[in-house]
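Residue strings, one per chain:
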Amino acid sequence: MRALRLGERDYQLLAVLAEARCLSAEQMRRLFFRGHEKVVQRRLRKLCAGERALLKRVEWHDRTGVKFAWSLTAAGYVEAERFLETELDVPRDDIGAEYLDHHVLLTDLLVGLLAAPVDAAVAKLGASHKRRELGRIYARASHPSFRWCVVGDRDLPWKQPVGAKLEARLLRPDAFLELPASRRRVFVESEVGTHTIVAASASKTGATTAKMERYEAFCTLVSGPATRRSWYAERFPDGMKPEVLFLVRSAVRQASVQRAVDAWKRAHPTAVCSFRVATVEVALAEFLPAIGVAVPEVEPKTVPPGAGAAPSFAALTAADVKALARYFASSQSDFKARRDRARAAGSSPPDYPAGTGDVHALLERLRHHA
């Protein structure tokens, strides 16, 4: 079998995947395959094929239905290292399917930063040759204006006095974003709603307020009598200001988390660490100018306390929504049967039609508001 020839776009894709650890189908399309639905499917299949496959595909289900994501194989990391001419931190374990929904929200922020130059280049294309020229426009892994690190295996250990003893603690942000020009280090926490917001007890370490307590302790407690520096300053001696961003999907979740953050800040007026809550869109409106990309301001959606504003839908009756849901369920059942038959025959199952997840999400919103 002839070896797969890699082009510049392939190498950039491998390098970005090494940085992101995992990308969804939609994220891959946005960064590398604008306007080429068939091309992306064909190319990804080739990169996943054979004993020296560079990519591996993961299937998982979120609240909108079936989704696909890709990560690097061991061979993929070797090629990425060769291209970047640097040794990479290869994670010990893959991101499990049960955590991909959480990870994709996190990576949406990185994708937004990398996609900004692509968006600008696409906007300048002339209509006459746009489709042909789209193939030459894709994201680059090199970005001197910021540094992104998915923490993964990189833990931030520290110790906290409890009575007369020092007890070991562990801080594990989902990622951090460094902005050298503004001397900022932003620890990013992906808040998909699987944890409570306010900790009911000290054992609820996943709660948002519990995370705030740990970050503040990490940034203020002295690491030892000899250094007299905080654990944060000991780990990051570059003087960058620490911040924590709770990344959320919706304005409703943003309002809920923001109330808890505001209450915590009122109770800790001298806190060293800065905490904020934002959706990906709002965060990008702040970070893109910080890396030299001009974008229009994004106004946060205002949400009444305790409730979210209901979206506006066309006048559909409950019977209309049920009819749509029955049709969608029947179509999905037929497609699932085709995939099961393909697996039983030892062949690769066909992908779900494009937009399946979006239609499922739309039906869920219609059910709620019909």
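Since the model is a prediction, treat every value here as computed from it, not as a measurement.

Quick rundown of unusual backbone geometry? Include the residues and the values.
Phi is positive for R21, which is not a glycine, with a value near 75 degrees. Relative to the helices and strands, R21 is located in the loop between α1 (8–20) and β1 (23–24). By relative accessible area, R21 is classed as buried at 14%. Its identity as a non-glycine residue notwithstanding, R183 has a phi of 55 degrees, on the positive side. Along the chain, the position of R183 falls in the loop between β7 (175–179) and β8 (184–191).

Go over the sheet that holds β1, please, and point to the residues and values.
If you walk across this open sheet you meet the three strands as β1-β3-β2, and the pairing is antiparallel. The open sheet is flanked by β1 and β2 (55–62), the only strands paired with a single partner. Two elements, β1 and strand β3 (residues 65–72), share two bridges in a ladder whose sense is antiparallel. Bridging from a neighbouring strand, S24 pairs with A69 of β3.

Outline the side chain of H143, listing residues and values.
Summarising the element assignment, H143 is placed in the loop between α6 (130–134) and β4 (147–150). Among the polar contacts listed, one links the side chain of H143 to the side chain of E19, at a separation of 3.0 Å. For H143, the contacting residues outside a window of four places in its chain are E19 and L114.

So what's going on with the sheet that holds strand β9 (residues 241–248)? Which residues, and what values?
Reading across the sheet, the five strands line up as β4-β7-β8-β9-β10 and stay open at both edges, with mixed pairing between neighbours. Whereas interior strands pair on both sides, the edge strands pair on one side only; in this sheet they are β4 and β10 (274–279). With direction set aside, neighbouring strand axes in the sheet form an average angle of 25 degrees. Relative to β8, β7 is paired through five bridges, and the arrangement is antiparallel. Looking at the pairing, L179 lines up with R184 of β8. Those strands touched by helix α5 (residues 100–123) are β4, β7, β8 and β9, and its axis lies near 140 degrees from that of β8. Relative to β10, helix α9 (residues 251–267) is tilted by about 170 degrees, and along the sheet it contacts β8, β9 and β10.

For the pattern of salt bridges, give the residues involved together with the corresponding values.
On inspection of all chains with the given rule, the structure shows 17 salt bridges. The partner of E178 in a salt bridge is R185, with the nearest N and O atoms 3.0 Å apart. Of the two residues, E178 and R185, neither departs from the other in class, the shared state being buried. A salt bridge links K211 to E189; its shortest N-O distance comes to 3.4 Å. Here K211 is found in helix α7 (residues 208–220), whereas its partner E189 is found in strand β8, with 22 residues between them in sequence. We note that K211, like E189, is buried.

Mind laying out the packing of α1 against helix α2 (residues 25–32), listing which residues take part and the relevant values?
Where α1 contacts α2, the two axes come as close as 11 Å, and the packing angle between them is 135 degrees. Here α1 lies oblique to α2, going by the angle between them. Note on packing geometry: the crossing formed by α1 with α2 is right-handed. On α2, the residues touching R9, Q12, L13, V16 and L17 of α1 are M28, L31 and F32. Along the lines of polarity and charge, the residues of the contact of α1 with α2 split into six nonpolar, one polar and one charged.

Would you mind going over the nonpolar core in detail, with residue names and values included?
One finds L31, L55, L109, F146, W148 and F287 to be the most contacted residues of the largest nonpolar core, which totals 61 residues. With 11 residues, α5 is the largest single contributor of residues to this core. Aside from chain neighbours lying at most four places away, what touches L109 is W148, V188, L245, L247, V280, A283, L284 and F287. By size, the runner-up hydrophobic cluster in this structure holds 24 residues, among which are M212, F236, V244 and V248.

Reading guide: rules and limits
Residues numbered from 1 in each chain as written. Predicted model: local features only at pLDDT ≥ 70, side-chain atom pairs only at ≥ 80, totals over all residues. Heavy atoms only, no water. Helix = DSSP H or I, 4+ residues; strand = E, 2+ residues; numbered from the N terminus. Buried < 20%, exposed > 50% of the residue type's maximum accessible area, 1.4 Å probe, protein only. Pairing = 2+ DSSP bridges. Polar contact = N/O pair within 3.5 Å; in protein donor to acceptor, adjacent residues only side chain to side chain. Contact = heavy atoms within 4.5 Å. Axes fitted to C-alpha atoms, helices over the stretch in contact; angles between N-to-C directions. Salt bridge = Lys/Arg side-chain N within 4 Å of Asp/Glu carboxyl O. Parallel < 35°, antiparallel > 145°, perpendicular 65-115°, else oblique. Left-handed = near helix turned anticlockwise from the far one by under 90°. Nonpolar A, V, L, I, M, F, W, Y, C, P; charged D, E, K, R; others polar. Core = buried A, V, L, I, M, F, W, Y, C linked by side-chain atoms within 4.5 Å.

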